[in-house]
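Survey of secondary and tertiary structure
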There are 2 protein chains.
Amino acid sequence: MSAISEILYNARKQRNLVLRKVAAAVDIDQSLISKFEKGERVPTKEQTIKLSKFYGIPQKEFLIDIISEKVVRTIQEYEFAETILKVAEEKIEYLNSKRGFKKQQNNLLDAK
Amino acid sequence: MSAISEILYNARKQRNLVLRKVAAAVDIDQSLISKFEKGERVPTKEQTIKLSKFYGIPQKEFLIDIISEKVVRTIQEYEFAETILKVAEEKIEYLNSKRGFKKQQNNLLDAK
DNA sequence: TATATTTGGACATTATTTGTCTAAAATATA
DNA sequence: TATATTTTAGACAAATAATGTCCAAATATA
């Protein structure tokens, strides 16, 4: 039972809504929403956006939550999952520094 | 051009092997190995194991490299990729602490 | 107890990843 | 320079994974 499940379940309960009503409002099958609330499935990006809008959940934070959950489900079978993330971080930082470099280059070119 | 590409390319060059020879030895299409070396594709787990054995690359380290590369390719489109990894880390740590708890429980039960 | 709601499981559909093929491009060799 | 060999890129087939739907069983409510 992940945080996403709880967030969705609580959001619906606070509003005293049944799945059918949410399903109609956001155009997602009620069975699927049930699975999200039970942690059986993870919403897609589009579904995430729809649900966050409907429930007034901050979109970016929710997206981060969803995508990180997907990452976790991919790597959790490995005993070295934490190391994977550390290495991934280094790679992302490296990519960002390359982008930063390119941005600086572009800025210099624009100045000319 | 990722580290994986360089590792594979250098490993092959050091041994003065052509793709065809490696391909036959590890039973992976030579065109595919070329794509790995160029960073166009990422090897599967099974391919990773085969290549690490063939080249004598430490398997666990190589697996970590490969899987983290896949994670990176999934999330790098987002400007908040680093945050995703941070949250994923917290989730993994949480899971590990739950597992630790279960292990302790199991140990206690065994002791009885 | 009847009805409404939620859930789980099977399976269809869609999307993504992976593997293969082939010829062009690049490089090496004679 | 001609030829052989190697590498590569692109198209597409095949395999796998993710996602959506359907429907009845399970559960909750009145």
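Refer to the structure printed above.
Residues numbered from 1 in each chain as written. Chains lettered and ligands numbered in written order. Predicted model: local features only at pLDDT ≥ 70, side-chain atom pairs only at ≥ 80, totals over all residues. Heavy atoms only, no water.

Some words on unusual backbone geometry
- For Asp27(A), which is not glycine, the phi dihedral falls at a positive 60°.
- For Asp27(A), the location among the structural elements is in the loop between α2 (19-26) and α3 (30-38). (Helix = DSSP H or I, 4+ residues; strand = E, 2+ residues; numbered from the N terminus.)

As for the interface of chain A and chain B
- Taken together, the 31 residues of chain A in the interface contact 31 residues of chain B.
- In total, about 2,800 Å² of surface goes out of reach between chain A and chain B, with carbon and sulfur atoms giving 71% of it.
- Taken together, the links from chain A to chain B amount to 7 salt bridges.
- Lys91(B) is the partner of Asp65(A) in a salt bridge, and the nearest nitrogen-oxygen pair spans 2.7 Å.
- Viewed at the interface, chain B and chain A are joined by 10 residue pairs in polar contact (both at pLDDT 80 or more).
- In terms of residue count, the dominant contributor to the side of chain A that touches chain B is helix α6 (residues 81-111) of chain A (15 residues).
- In terms of residue class, the side of chain A that touches chain B is made up of 16 nonpolar, 4 polar and 11 charged. (Contact = heavy atoms within 4.5 Å. Buried area = accessible area lost by both parts, 1.4 Å probe. Salt bridge = Lys/Arg side-chain N within 4 Å of Asp/Glu carboxyl O. Polar contact = N/O pair within 3.5 Å; in protein donor to acceptor, adjacent residues only side chain to side chain. Nonpolar A, V, L, I, M, F, W, Y, C, P; charged D, E, K, R; others polar.)

With respect to the nonpolar core
- Core analysis: the biggest nonpolar cluster contains 28 residues, and Val71(A), Ile75(A), Ile84(A), Val71(B), Ile75(B) and Ile84(B) have the highest contact counts within it.
- Sorting the residues of this core by element identifies α5 (59-75) and α6 of chain A together with α5 (59-75) and α6 (81-111) of chain B as the ones contributing at least two each.
- Beyond its immediate chain neighbours, meaning those up to four positions away, Ile84(A) contacts Ile75(A), Tyr78(A), Ile64(B), Ile67(B), Ser68(B) and Val71(B).
- Within the second largest apolar cluster, 16 residues are counted, among which are Ala23(B), Ile28(B), Phe36(B) and Leu51(B). (Core = buried A, V, L, I, M, F, W, Y, C linked by side-chain atoms within 4.5 Å. Buried < 20%, exposed > 50% of the residue type's maximum accessible area, 1.4 Å probe, protein only.)

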